[in-house]
Amino acid sequence: MALAVVQSSHKRKIIDLDAWRYLPCTLFTASLLLSFVGLYIPFFYITSYARLKTGADSQLSFYFLAIINAASAFGRTLPSLFADKVGPVNMLIPCIAATAILAFCWIPVHDVGGLTAFAVLYGFFSGSFVSLPPSVISILCPDMSLVGTRMGMTFTFGALGLLIGNPIAGALLDLQTGEFVQAQIFCGVTVFGALALCTGCRYTKVGFTLRVKT
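Cut-offs used in this document
Residues numbered from 1 in each chain as written. Predicted model: local features only at pLDDT ≥ 70, side-chain atom pairs only at ≥ 80, totals over all residues. Heavy atoms only, no water. Core = buried A, V, L, I, M, F, W, Y, C linked by side-chain atoms within 4.5 Å. Buried < 20%, exposed > 50% of the residue type's maximum accessible area, 1.4 Å probe, protein only. Helix = DSSP H or I, 4+ residues; strand = E, 2+ residues; numbered from the N terminus. Contact = heavy atoms within 4.5 Å. Phe/Tyr/Trp six-rings, centres within 6.5 Å; stacked < 30°, edge-to-face > 60°. Salt bridge = Lys/Arg side-chain N within 4 Å of Asp/Glu carboxyl O.

Caption draft 1: How the structure looks around the nonpolar core. One finds Phe28, Leu115 and Tyr122 to be the most contacted residues of the largest nonpolar core, which totals 46 residues. At the level of secondary structure, the elements contributing two or more residues to this core comprise helix 1 (23–38), helix 2 (41–53), helix 3 (58–75), helix 5 (88–105), helix 6 (112–126), helix 8 (133–140) and helix 10 (181–206). Element by element, the count of residues in this core is highest for helix 5, at nine residues. Setting aside its immediate chain neighbours within four residues, Leu115 contacts Ile46, Tyr49, Ala50, Thr54, Phe64, Trp106 and Val109.

Spelled out as C-alpha cells, the structure:
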C-alpha cells in the first residue's frame, strides 16, 4: 500500500518575533517564567520539610511527595474542564492566586495533618500550571499555524524558570538547622508575581470585563 506524503508549501518559523510585539503574549510568557521559578519548590523540598519540621519518619516523609503529585494529577484535569466553559485565562488566574496564598500558608505548618492538607491543596491548584498554559497560548495566537512556534518559545522561557528556581531555593534554606522560611517566602513572592503578570495579560487582551471568555 502506497502512502502519500504531504509536504507544507512553506517552512514554519522557529522564532516568531511578532509574538514579543503583542503585549498579552509577552506578559504571559513572563508570567510562566516567574511561576516556574517558584512553583516546584514544595515538590522538591516537601520530603525534607516533613522530616525536619513535622517529626515524620523517613518513610512517612517520602509519601508526601506522592500525595502532592497525586493531587497535581487532579489539578491538571478538573480545572481544564471548567476552562472549556469560562476560558483558560479566567481559570488559570484564580488557580495561580490560590497557589500563591498556599505557598505562604505553608510557613506555619508544623504537623503531619497540616502538611497533608497543604500537599493536597497545593498539588491540586499548582497542577493547572501544567495543563492550562498551552490553551492560553493558543488563544493569544492570531494564526493557528504559529501556535507550535509560540508554544516552543514560551515554554523555553518557562524552562529557564525551572532551571534556576529550585537551586535558588536550595541556597535560601538550611537543611542542617531546618530553616525553610526564606525559601517559602521566595516561592510565594514569585508565584504572586506570576499572578500579577497573568492578570496583566488578561487586562491587555480584554480589559476588566469579567464575563468575557478568554
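That covers the picture; the talk isn't over yet.
Caption draft 2: Quick look at the packing of aromatic side chains. In the structure shown here, the tally under the stated rule is 13 aromatic pairs. Joined through ring pairs, the aromatic side chains of Phe36, Tyr40, Phe43, Tyr49, Trp106, Phe118, Tyr122 and Phe180 make up one cluster.

Caption draft 3: Structural detail: the environment of Leu115. If you trace the backbone, Leu115 turns up in helix 6. By relative accessible area, Leu115 is classed as buried at 0%. Taking the C-alpha atoms as reference, Leu115 lies 9.1 Å from Tyr49; in sequence the two are 66 residues apart.

Caption draft 4: Representation of the pattern of salt bridges in the model. Across all of its chains, the model carries two salt bridges by this definition. The partner of Arg150 in a salt bridge is Asp16, and the shortest N-O contact between them spans 2.9 Å. A residue pair is termed long-range when its members are at least 10 positions apart, and Arg150 in helix 9 (residues 147–172) and Asp16 in the segment before helix 1 qualify at 134 residues. Summarising the burial analysis for this pair, Arg150 and Asp16 share the class buried. Two residues, Asp18 and Arg21, come together in a salt bridge whose shortest N-O distance is 2.3 Å. The class of Asp18 is partly exposed, set by a relative accessible area of 40%.

Caption draft 5: Quick peek at the environment of Met151. Looking at where Met151 falls in the secondary structure, it is placed in helix 9. The sequence separation of Met151 and Leu197 amounts to 46 residues, and the corresponding C-alpha distance is 18 Å. If we ignore the near neighbours within four places in the chain, the residues touching Met151 are Pro134 and Ile137.

Shape descriptors only; they carry no functional weight alone.
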